[in-house]
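These are the residues of each chain, in order.
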Amino acid sequence: MPEQSAPWWRHAVIYQVYPRSWADSNGDGVGDLPGITSRLDHLVELGVDALWLSPFYPSPQADAGYDVSDYRGVDPIFGSLEDADKLLAAARERGLRVIVDLVPNHTSSEHPWFRAALAAGPGSPERARYIFRPEKPNNWKSTFGGPAWTQVADGEWYLHLFDAAQPDLNWDHPEVRAEFLDVLRFWLDRGVDGFRVDVAHGLIKQADLADWHYPAELLFAADADHPRPPMWDQDGVHEIYRDWRQVTDEYPGERVLVAEAWVEPAERLAAYVRPDEMHQAFNFEYLEASWSAGAQYSVITRSLAANAAVGAPTTWVLSNHDVVRHASRLGLPVGTPRPQGIGPDDPQPDAVLGLRRARAATLLMLALPGSAYLYQGEELGLPEDTAVPDEARQDPLFFRTGGESKGRDGCRVPVPWEADAPSYGFGPTDASWLPQPAIWAEYAVDRQRGVPGSTYELYRAALRLRAQHALGTGALGWETHTDDVLAFRNGDVYVLTNFGPDPAPVPAGLTVLLSSEPLTESGKVPQDVTVWAA
Ligand code: NOJ
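Our subject in this report is the structure included herewith. (Residues numbered from 1 in each chain as written. Predicted model: local features only at pLDDT ≥ 70, side-chain atom pairs only at ≥ 80, totals over all residues. Heavy atoms only, no water.)

## A look at helix α4 (residues 112-120)
The periodicity of an α-helix, 3.6 residues per turn, causes residues three or four positions apart to be oriented the same way. Put simply, the test is: Categorising residues by exposure relies on relative accessible area from a 1.4 Å probe, with only protein chains included: less than 20% of the type maximum marks a residue as buried, more than 50% marks it as exposed, and the intermediate range marks it as partly exposed. For helices the rule is a DSSP run of H or I covering at least 4 residues; for strands it is a run of E covering at least 2, with both sets numbered from the N terminus onward. To obtain the arc, one takes the directions from the helix axis to the C-beta atoms. Any two residues whose heavy atoms approach within 4.5 Å at even a single point are treated as in contact.
Burial in α4 covers these residues: W113, F114 and A117. In an axial view of α4, the angular spread of the buried residues amounts to 95°, which keeps them on one side of the axis. Among the exposed residues of α4, those pointing more than 90 degrees away from its buried face are P112 and A119. Tucked inside the fold, the buried residues of α4 contact β4 (132-133), β6 (157-159) and α5 (174-190).

Written out as structure tokens, the structure is:
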């Protein structure tokens, strides 16, 4: 299918903006919507198709905005509804689509519904919109550490799969369902192109609220021998997304739903992107796969097959605001489980090796058919900030685990634009809600723009070639998969990643289009390098 005629989301490259850390227009140290609007040309220059904005709604910010107290507004720290409208218009003028975040699993404890539930007392209709019980019914733990149940003053307990300030909604309640249909319409009417759906696999809980046998990984493979945890990936969630799909389909222009669902195996995840459900689901199994030819081959093959079976594209991703940046993650020894943050006292990633592998991984990802998500700063090769002082940390994961998990602040540090400006150009002052390390200067956009071989120019070239060769709507045909080398064709482009120590040849007659690092003198592909040729 030629690129132009396929719906945009089947092949789009979508850039995640984390509003508090991208661009600060007023110098208060927190990024905001006017800041984002003022920097949109960066995304045009980079060559992405769309942006996804993490939450900017009114919120006490107990979990950086994933605790929403009003689904139809903008938190004053980020601006106003008018600023949101201006951002949407400015993006549209530039041909960029905009996806917003939707947080349906839980509200903030400051949401009017939860306040009303607390005020109204046990057995009230107000409590029925959440999951209250007279006794603590099970042993569930919060994803952020500690118990998933908190007791209120009158003795009842409420469920929160995340922070205590994020009470879970009761999705069996018709008012909850109606409310979110209305919220979808509110933003669709304002012109958004879609929604990234937070914790899409969590909305329905097993009816008996049965105990669960910990430890449980966030991403676990359920099969005949391993039952699904009672709080994740229950079959009932799919009915909700079928209802939502009917709403998005009423609007012109292919508005989309993308699932944040930490679900394995690939077949279970693909159920979220059946033709009458969501459009995309982040492939976290891919994000978590080891940097080895075998692991990459296996996850790519299984993901493509599972998605093809339901007629959906695969949605590739390597970094986001919840995980250690891939330029650092891949600098840990191969096979290290993904850490929940890295602190100064933890084993440190090899920065040079990490960036080298990250560039190779990105070129591999951007050559795959389907859609891909980029996380702000990865186009600069930005590493995880592993030196965030404990006093500066903000992530509830750090606090609820008593510091055992360092948390996600290290991937959320405001990004550098100009090496020699205050806050590296993040804002007009030195203020930054998380301290920026001195090494940020060397990653700044202005240090990389126009510099051959810089990570920024590598991303630009890759995105240009990806569009020119219609890789997003292409099809993958394997040429080689050994313990050391993966090679495939996508349309007229030949892609090779060398994981092994011996330099690998590019087939005769092909011209190299792009390479994540220089080739050897004899034109071979060294270890931890991806090459595109045609
Ligand atoms: C997933 C979001 O990406 C994460 O940042 C948040 O903490 C949880 N969901 C809870 O909303």
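Having put the structure on the table, let's press on.
## Some details on the site of the ligand
For the record, the criterion: Here a residue counts as near a molecule or strand whenever at least one of its heavy atoms sits within 4 Å of it. N or O atoms closer than or at 3.5 Å make up a polar contact, with two conditions inside protein: a donor-capable atom paired with an acceptor-capable one, and, for residues adjacent in sequence, both atoms drawn from side chains. Per-residue and other accessible areas follow the Shrake-Rupley method at a 1.4 Å probe size, with only the shown protein chains counted as cover for residues. Under the grouping applied here, Gly and all other residues not named as nonpolar or charged are polar, the nonpolar ones being Ala, Val, Leu, Ile, Met, Phe, Trp, Tyr, Cys and Pro and the charged ones Asp, Glu, Lys and Arg.
Near the ligand you find 14 residues, and of these D63, R196, D198, H321 and D322 are the closest. At 2.6 Å, a side-chain N or O of D198 approaches an oxygen atom of the ligand. The side chain of D322 places a nitrogen or oxygen atom 2.5 Å from an oxygen atom of the ligand. Summarising the interface, the protein chains cover 97% of the accessible area of the ligand, which totals 300 Å² for the free molecule. Along the lines of polarity and charge, the residues of the shell around the ligand split into four nonpolar, three polar and seven charged.

## A short note on the side chain of E378
Let me state the cut-off plainly: Just so you know, the count uses Lys and Arg for positive and Asp and Glu for negative, and it drops His and the chain ends. Counted as salt bridges are all cases of a side-chain nitrogen of Lys or Arg within 4 Å of a carboxyl oxygen of Asp or Glu.
Within the secondary structure, E378 sits in the loop between β11 (371-375) and α12 (396-400). The buried charged residue E378 lacks any salt bridge partner; its closest oppositely charged side chain belongs to R325, at an N-O distance of 6.3 Å. Within polar-contact distance, the side chain of E378 engages the side chain of Y459 at 2.7 Å. Among residues more than four places away in sequence, those in contact with E378 are S319, R325, H326, T362, Y373, T455 and Y459.

## A word on the side chain of R39
Looking at the secondary structure, you find R39 in the loop between α1 (33-38) and α2 (40-46). There is a polar contact of 3.4 Å between the side chain of R39 and the side chain of E418. R39 has contacts with W22, A23, W417, E418 and G425, leaving out every residue within four places of it along the chain.

## Details of the environment of V68
Positionally, V68 belongs in the loop between β2 (50-53) and α3 (81-93). A residue is classified by how much of its surface remains accessible, and V68, at 0% relative accessible area, is buried. Along the chain, V68 and T150 lie 82 residues apart, while their C-alpha atoms are 19 Å from each other. Setting aside residues no more than four positions away along its own chain, V68 makes contact with Y57, P58, S59, V103, T107, S108 and H111.

## Here's the deal with the sheet that holds strand β5 (residues 149-151)
Put simply, the rule is: Strands are labelled as partners when DSSP assigns at least two bridges between them.
Spatially, the three strands line up as an open sheet ordered β4-β6-β5, and their pairing is antiparallel. Edge positions in the open sheet fall to β4 and β5, since each of these has one partner strand only.

## Thoughts on the sheet that holds β11
As summarised here, the arrangement of the eight strands in space is β9-β8-β7-β3-β2-β1-β11-β10, forming an open sheet in which the pairing is parallel. Each edge of the sheet is formed by a strand with only one pairing partner; in this case those strands are β9 (280-281) and β10 (315-317). Two strands pair when backbone bridges link them, and strand β8 (residues 256-259) and β9 are joined in this way by two bridges, in the parallel orientation. Across the sheet, the residue bridging to A259 is A281, located in β9.

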